[in-house]
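Listed below, chain by chain, are the residues.
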Amino acid sequence: MKKVGNHNSISRKLLLSLSLTLIFSLTSFAQDAAAPAAPEAAAPAATAGGDPVKGKELFNANCAACHKLDAKSTGPALRGVAAKHEMAWIYKWVHNSSEVIKSGDAVAVKLFEENNKSVMTAFPQLSTGDIDNIIAYTSEVKAEPAVVAGGAATPPGTNVESGSISNNIILGALALVMAILVVMLFMVNKVLTKVAGNNGIVVAPKEARTPIWKAFARNQFLVLVTSIFLLLASGYFVYGFLMQVGVDQNYEPIQPIHYSHKIHAGDNEINCKYCHSAARVSKNAGIPSLNVCMNCHKNISEVAETTATPEYSKAFYDAQIQKLYDAVGWDKTKQAYTGKTQPVKWVRIHNLPDFVYFNHSQHVSVAGVECQTCHGPVQEFEIMKQYSKLTMGWCIDCHRKTDVKMEGNAYYDKIHAELSKKYGVEKLTAAQMGGLECGKCHY
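All values derive from a computational prediction rather than experimental measurement.

**What about the overall build of the protein chain?**
Looking only at helices and strands, one finds 19 helices and four strands in the protein chain. Looking at the protein chain as a whole, 23% of its 443 residues are labelled buried. Counting every atom, the protein chain has about 31100 Å² of accessible surface; 61% of that belongs to carbon and sulfur.

**Section: the pattern of salt bridges**
In the structure shown here, the tally under the stated rule is five salt bridges. Between Lys 314 and Asp 318 there is a salt bridge whose closest N-O contact spans 2.7 Å. In this pair, Lys 314 and Asp 318 are both assigned in helix H13 (residues 314-328), four residues apart and thus about one turn of the helix distant. Both residues of the pair, Lys 314 and Asp 318, belong to the buried class.

**A short note on the packing of aromatic side chains**
Under the defined criterion, the tally for this structure stands at eight aromatic pairs. Taking 5.3 Å as the distance between ring centres and 15° as the angle between the ring planes, the aromatic pair formed by Trp 89 and Trp 93 counts as stacked. Of this pair, Trp 89 and Trp 93 are both found in helix H3 (residues 87-95), four residues apart, which corresponds to roughly one turn of the helix. For Trp 89, a relative accessible area of 15% corresponds to the buried category. Taking the centre distance of 5.8 Å and the plane angle of 65° together, the rings of Phe 316 and Tyr 317 count as edge-to-face. Of the residues examined, Phe 316 reaches a relative accessible area of 28% and is grouped as partly exposed. Judged by its relative accessible area of 5%, Tyr 317 falls in the buried class. Linked through ring pairs, Tyr 312, Phe 316 and Tyr 317 together constitute an aromatic cluster.

**A short note on the environment of Phe 358**
Looking at the secondary structure, you find Phe 358 in the loop between strand S4 (336-337) and helix H14 (360-366). Apart from residues no more than four positions distant in its own chain, Phe 358 is found in contact with Lys 283, Leu 352 and His 363.

**Quick notes on the packing of helix H12 (residues 290-297) against H13**
For the pair H12 and H13, interaxial distance at closest approach is 11 Å and the crossing angle is 125°. In terms of axis orientation, H12 runs oblique to H13. Crossing of H12 against H13: the hand is left-handed. Touching Leu 290, Cys 293, Met 294 and His 297 of H12 are Ile 321, Leu 324, Tyr 325, Ala 327 and Val 328, all from H13. Split by residue class, the contact of H12 with H13 holds eight nonpolar, one polar and no charged.

**Comments concerning the confidence of the model for the protein chain**
Confidence in the prediction of the protein chain, expressed as mean pLDDT, is 83, and 84% of residues score 70 or more. Here residues 1-11 is modelled with pLDDT under 50, and outside its nearest four sequence neighbours on either side it reaches seven contacts, counting other chains as well. Residue range residues 148-152 is modelled with pLDDT below 50. Its contacts to residues more than four positions away, or to other chains, number four contacts.

**Regarding the nonpolar core**
Counting residues in hydrophobic clusters, the biggest one holds 19 residues, and the most contacted among them are Phe 59 and Trp 89. Mapped onto this core, the elements with two or more residues apiece are helix H2 (52-63), H3, helix H5 (106-114) and helix H6 (128-138). Setting aside its immediate chain neighbours within four residues, Phe 59 contacts Ala 64, His 67, Lys 68, Leu 69, Leu 78, Ile 134, Tyr 137 and Thr 138. Core analysis: the second largest hydrophobic core is formed by 13 residues, Leu 290, Tyr 312, Tyr 325 and Trp 330 among them.

**Considering the UniProt feature "transmembrane region" (unreviewed entry) in the protein chain**
Feature annotation in UniProt assigns "transmembrane region" (unreviewed entry) to the following positions: residues 169-188 and 221-242. Between the C-alpha atoms that bound residues 169-188 the distance is 29 Å, and the span itself is 100% helix and 0% strand. The distance from the first to the last C-alpha atom of residues 221-242 is 32 Å, and the span holds 100% helix and 0% strand.

**A closer look at a nonpolar patch on the surface**
On the surface, Ile 165, Ile 169, Ile 170, Leu 171 and Leu 174 cluster together to form a nonpolar patch covering roughly 430 Å² of accessible area. Within the secondary structure, Leu 171 sits in helix H7 (residues 167-198). The exposure class assigned to Leu 171 is exposed, which follows from its relative accessible area of 54%.

**Looking at the side chain of Ser 301**
Among the structural elements, Ser 301 can be located in the loop between H12 and H13. When near neighbours in sequence (up to four residues on either side) are disregarded, Ser 301 contacts Lys 68, Asp 318, Ile 321, Tyr 325 and Lys 332.

**What about H2?**
Its 12 residues place the ends of H2 only 14 Å apart at the C-alpha level, less than the 16 Å of an ideal helix rising 1.5 Å per residue. Residues Pro 52, Gly 55, Leu 58, Phe 59 and Cys 63 constitute the buried set of H2. Seen from one end, H2 has its buried residues packed into an arc of 110°, which puts them on one side. Facing away from the buried surface of H2 by more than 90 degrees, the exposed residues are Val 53, Glu 57 and Ala 61. Where the residues of H2 are buried, they touch H6.

**Some details on the state of the cysteines**
Inspection of the entire model under this criterion finds zero disulfides. Cys 371 provides the cysteine sulfur closest to Cys 272, a residue in no disulfide bond, and the two sulfurs are 4.2 Å apart. Of all cysteine sulfurs, the one in Cys 275 lies closest to Cys 293, which takes part in no disulfide; the gap is 6.6 Å.

**With respect to the packing of H2 against H6**
Contact pair H2 / H6: the axes reach a minimum separation of 7 Å and the direction vectors enclose 100°. Put simply, H2 runs roughly perpendicular to H6. Contacts from Pro 52, Lys 54, Gly 55, Lys 56, Leu 58, Phe 59 and Cys 63 in H2 reach Asp 130, Asn 133, Ile 134, Ala 136, Tyr 137 and Thr 138 in H6. Classifying every residue of the contact of H2 with H6 by side-chain character gives seven nonpolar, three polar and three charged.

Reading the values: the criteria
- Residues numbered from 1 in each chain as written.
- Predicted model: local features only at pLDDT ≥ 70, side-chain atom pairs only at ≥ 80, totals over all residues.
- Heavy atoms only, no water.
- Helix = DSSP H or I, 4+ residues; strand = E, 2+ residues; numbered from the N terminus.
- Buried < 20%, exposed > 50% of the residue type's maximum accessible area, 1.4 Å probe, protein only.
- Areas by Shrake-Rupley, 256 points an atom, 1.4 Å probe, with all protein chains shown as cover.
- Salt bridge = Lys/Arg side-chain N within 4 Å of Asp/Glu carboxyl O.
- Phe/Tyr/Trp six-rings, centres within 6.5 Å; stacked < 30°, edge-to-face > 60°.
- Contact = heavy atoms within 4.5 Å.
- Axes fitted to C-alpha atoms, helices over the stretch in contact; angles between N-to-C directions.
- Parallel < 35°, antiparallel > 145°, perpendicular 65-115°, else oblique.
- Left-handed = near helix turned anticlockwise from the far one by under 90°.
- Nonpolar A, V, L, I, M, F, W, Y, C, P; charged D, E, K, R; others polar.
- pLDDT = per-residue confidence, 0-100.
- Core = buried A, V, L, I, M, F, W, Y, C linked by side-chain atoms within 4.5 Å.
- UniProt positions renumbered as here; feature names shortened; annotations may be inferred.
- Patch = residues over 30% accessible without salt bridge, like charges linked within 9 Å, V, L, I, M, F, W, Y side chains within 5 Å.
- Expected span 1.5 Å × (residues − 1).
- Arc of directions from axis to C-beta.
- Disulfide = S-S within 2.5 Å.

Now the structure itself:
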């Protein structure tokens with residue numbers, strides 16, 4: 001009998017080398033991850049005579065409507081204003097700017113002219129200590145965004161993880177392990193074949209079997225049952241496909257200006273009917289005029305750093321506000337309209353067929369239905385989409401479940417008194433009030 005080589009030695013060597021490679025790789029990554037983070041930039045010292053923390057609260061409550069720290073708004077930028085004017089003059093200006101202008105003060109008149117003759121609100125309730133706090137806040141040095149490798153700026157508050165193991169490295173290591181296992185299986189099979197040959201072991205050949213498709217074709221019962229099953233299944237899927245024609249649930253088009261309902265209706269809690277005011281009195285909810293947007297964005301030309309997400313950066317949101325300015329012709333540096341406008345071609349999302357009648361005011365004002373009932377949790381949508389099916393069955397199901405709002409409506413009180421006796425119920429649904437009649441929605 002021939003001596004068979006020790007085939008386990010090769011496998012041991014491969015496994016040993018793989019283990020050493022993974023150990024050194026993980027050790028190096030662990031050392032990189034454990035490296036101390038760069039020390040954060042020291043916060044600027046507070047200006048003598050004022051508390052910048054209290055000053056920020058006062059600034060947001062009294063000044064932020066017309067002023068920004070680093071950009072011109074209705075009024076000038078206020079960062080470093082203490083270096084431009086004496087504190088005694090600032091006290092007078094904040095308490096009553098109109099009186100300072102009327103006195104003929106050259107600095108006050110020039111400031112008034114440079115800002116389109118916008119009259120600043122008087123704040124006699126602010127003490128000199130309050131003003132000192134605001135000035136301390138405006139005197140803080142602007143925090144620069146952190147710069148990571150490659151020169152890319154990172155917004156403040158963003159954690160930059162260095163030395164973390166990427167998914168590509170993990171997948172590569174797993175692929176290497178799988179490849180080694182496959183090679184080892186081939187080697188084991190080869191060695192076992194040699195051992196069997198050296199010991200005179202003959203492997204019995206596989207018996208020829210009838211292919212499964214031939215056996216299936218010879219069985220007429222199975223062929224009949226399978227044919228019937230395929231016909232029924234095909235009919236089911238064809239019916240389901242045809243029933244989805246014209247149903248655009250979850251339709252989520254990209255708009256020319258990115259508008260985040262999550263920021264406006266969610267974070268800022270703006271009422272839906274502030275922008276879609278037509279929903280209260282009209283058949284259609286309507287697309288808000290850009291002038292409605294400018295009610296707020298005349299002074300909001302950029303978003304806060306905390307608004308940015310991993311998917312949408314602060315620069316992205318600021319660019320969308322600039323698109324709004326371009327559309328209405330607003331020059332944020334001069335705080336004036338240029339007269340050059342551009343149309344915005346919004347993409348319609350909810351589009352009922354022409355033979356369907358739906359009145360927003362009847363549902364919103366009379367029935368008191370909340371917008372989220374049909375449009376879903378819009379306060380959570382970054383991109384607006386069609387939340388509901390808006391099919392006939394969906395509307396009928398709602399009419400069958402929804403009680404009619406009777407409070408403060410004498411017309412409904414009269415109908416309710418008659419129909420409640422007819423149906424023997426205390427409350428009537430929209431269906432019992434005639435909500436299932438064809439002429440209600442089709443005429």
